[in-house]
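Below are the chains, spelled out letter by letter.
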Amino acid sequence: YSCAPCAATMAVAPHGAQLYPPGRLLHIYESEGRLEAAVVRQTFAPLCRLEPSASLVHDHKIDSYWEALLALEAARTAPQAPPRWQGYTEATVCPLCDAPFTWNATSTSEAQQHRSKHHCRRCGRIVCEECSLNRRPVPEIGVMLPARVCDACFLQPPASAAN
């Protein structure tokens, strides 16, 4: 695996040396509402250039890594697999209130339609903002911190209480 895009961004050291992070790298990322992880090579293209973001410093503190590893362990040992997330193009109206996703927006552009759609972490459906204001853990799929859930899932008892 060569990291051609890295050549320009990584060759910042004196004498043209390329700088790479040391040791084994664990890339922790979110996929369909759950944390996933993969060991990646030091030349993994997304690591070649860090883009500044509001959470950059917080995300790289040791406490953040520890929290992410705990969440990752919960996801991997969860008794149920996460639901399949409904595709953005599969939903044209909210399944709970039957309103178009952009009913309260000043724009009806495709970008606004995507911003107005939210996935429920418990059932995977796409719902509108107004029908997904609640947050709660979904431990049965390994989501231990409060996460966005639709009103229908919020009103259902937790899986452990239902059994």
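Residues numbered from 1 in each chain as written. Predicted model: local features only at pLDDT ≥ 70, side-chain atom pairs only at ≥ 80, totals over all residues. Heavy atoms only, no water.

**A look at the overall build of the protein**
Each helix and strand counted, the protein has six helices and six strands in total. In sequence order, the secondary structure elements of the protein are arranged as α-β-β-α-α-α-β-β-β-β-α-α. For the protein, the share of sequence-separated contacts (at least 6 apart) that also reach a separation of at least 24 residues comes to 51%. Within the structure as shown, the protein displays about 10,700 Å² of accessible surface, and the carbon and sulfur contribution to it stands at 57%. (Helix = DSSP H or I, 4+ residues; strand = E, 2+ residues; numbered from the N terminus. Contact = heavy atoms within 4.5 Å. Areas by Shrake-Rupley, 256 points an atom, 1.4 Å probe, with all protein chains shown as cover.)

**What about the pattern of salt bridges?**
Applying the stated criterion across every chain, the model contains four salt bridges. The salt bridge partner of Glu90 is Arg84, with a shortest N-O separation of 3.1 Å. Overall, the relative accessible area of 46% leaves Glu90 in the partly exposed class. Taking relative accessible area as the criterion, Arg84 reaches 55% and is therefore assigned exposed. Between Glu129 and Arg148 there is a salt bridge, and its shortest N-O distance comes to 4.0 Å. Residue Glu129 is found in the loop between β4 (126–128) and β5 (134–138), and its partner Arg148 is found in strand β6 (residues 143–149); the two are separated by 19 residues along the sequence. Of the residues examined, Glu129 reaches a relative accessible area of 33% and is grouped as partly exposed. (Salt bridge = Lys/Arg side-chain N within 4 Å of Asp/Glu carboxyl O. Buried < 20%, exposed > 50% of the residue type's maximum accessible area, 1.4 Å probe, protein only.)

**Points about the pairing of β6**
Bridging between β5 and β6 involves four bridges; their strand directions are antiparallel. Residue pairing in the sheet places Arg135 in a bridge with Arg148 of β6. Linkage of β5 to β6, two consecutive antiparallel strands, is achieved through a turn of four residues, within which Gly142 is found at a positive phi near 90°. (Pairing = 2+ DSSP bridges.)

**Examining the environment of Val143**
Its location among the elements puts Val143 in strand β6. Val143 gets classed as buried once you look at its relative accessible area, which sits at 10%. Through-space distance from the C-alpha of Val143 to that of Arg34 is 6.8 Å; in sequence the pair is 109 residues apart.

**Points about the nonpolar core**
If you look at the biggest cluster of nonpolar residues, it comprises 15 residues, and the most contacted ones within it are Cys94 and Phe101. When contributions to this core are tallied by element, the ones reaching two or more residues are β4 and β6. Excluding residues within four positions of it along the chain, Cys94 makes contact with Ala99, Phe101, Val127, Cys128 and Cys131. (Core = buried A, V, L, I, M, F, W, Y, C linked by side-chain atoms within 4.5 Å.)

**Brief notes about a nonpolar patch on the surface**
Judged by side-chain polarity, Leu26, Val39, Trp66, Leu69 and Leu70 come together as a nonpolar surface patch covering roughly 490 Å² of accessible area. In terms of residue count, helix α3 (residues 62–76) provides more of the nonpolar patch than any other element does, three residues in total. One can find Trp66 in helix α3. (Patch = residues over 30% accessible without salt bridge, like charges linked within 9 Å, V, L, I, M, F, W, Y side chains within 5 Å.)

**Notes on the state of the cysteines**
For the structure shown, the criterion picks out zero disulfides. As a non-bridged cysteine, Cys128 has Cys131 as the owner of its nearest cysteine sulfur, 3.6 Å distant. Left unpaired, Cys153 is separated from the closest cysteine sulfur, that of Cys150, by 3.6 Å. Residue Cys153 is classed as buried on the basis of its relative accessible area, which comes to 5%. (Disulfide = S-S within 2.5 Å.)

**Details of the confidence of the model for the protein**
Detailed reading of the predicted coordinates is not advisable wherever pLDDT is low. On average, residues of the protein carry a pLDDT of 79, and 80% of them reach 70 or more. The lowest-confidence element of the protein is helix α1 (residues 6–10), averaging 40 in pLDDT; the highest-confidence one is helix α5 (residues 151–155), averaging 95. Below pLDDT 50 for its whole length, residues 1–13 participates in 25 contacts with residues either more than four positions away or in separate chains. (pLDDT = per-residue confidence, 0-100.)

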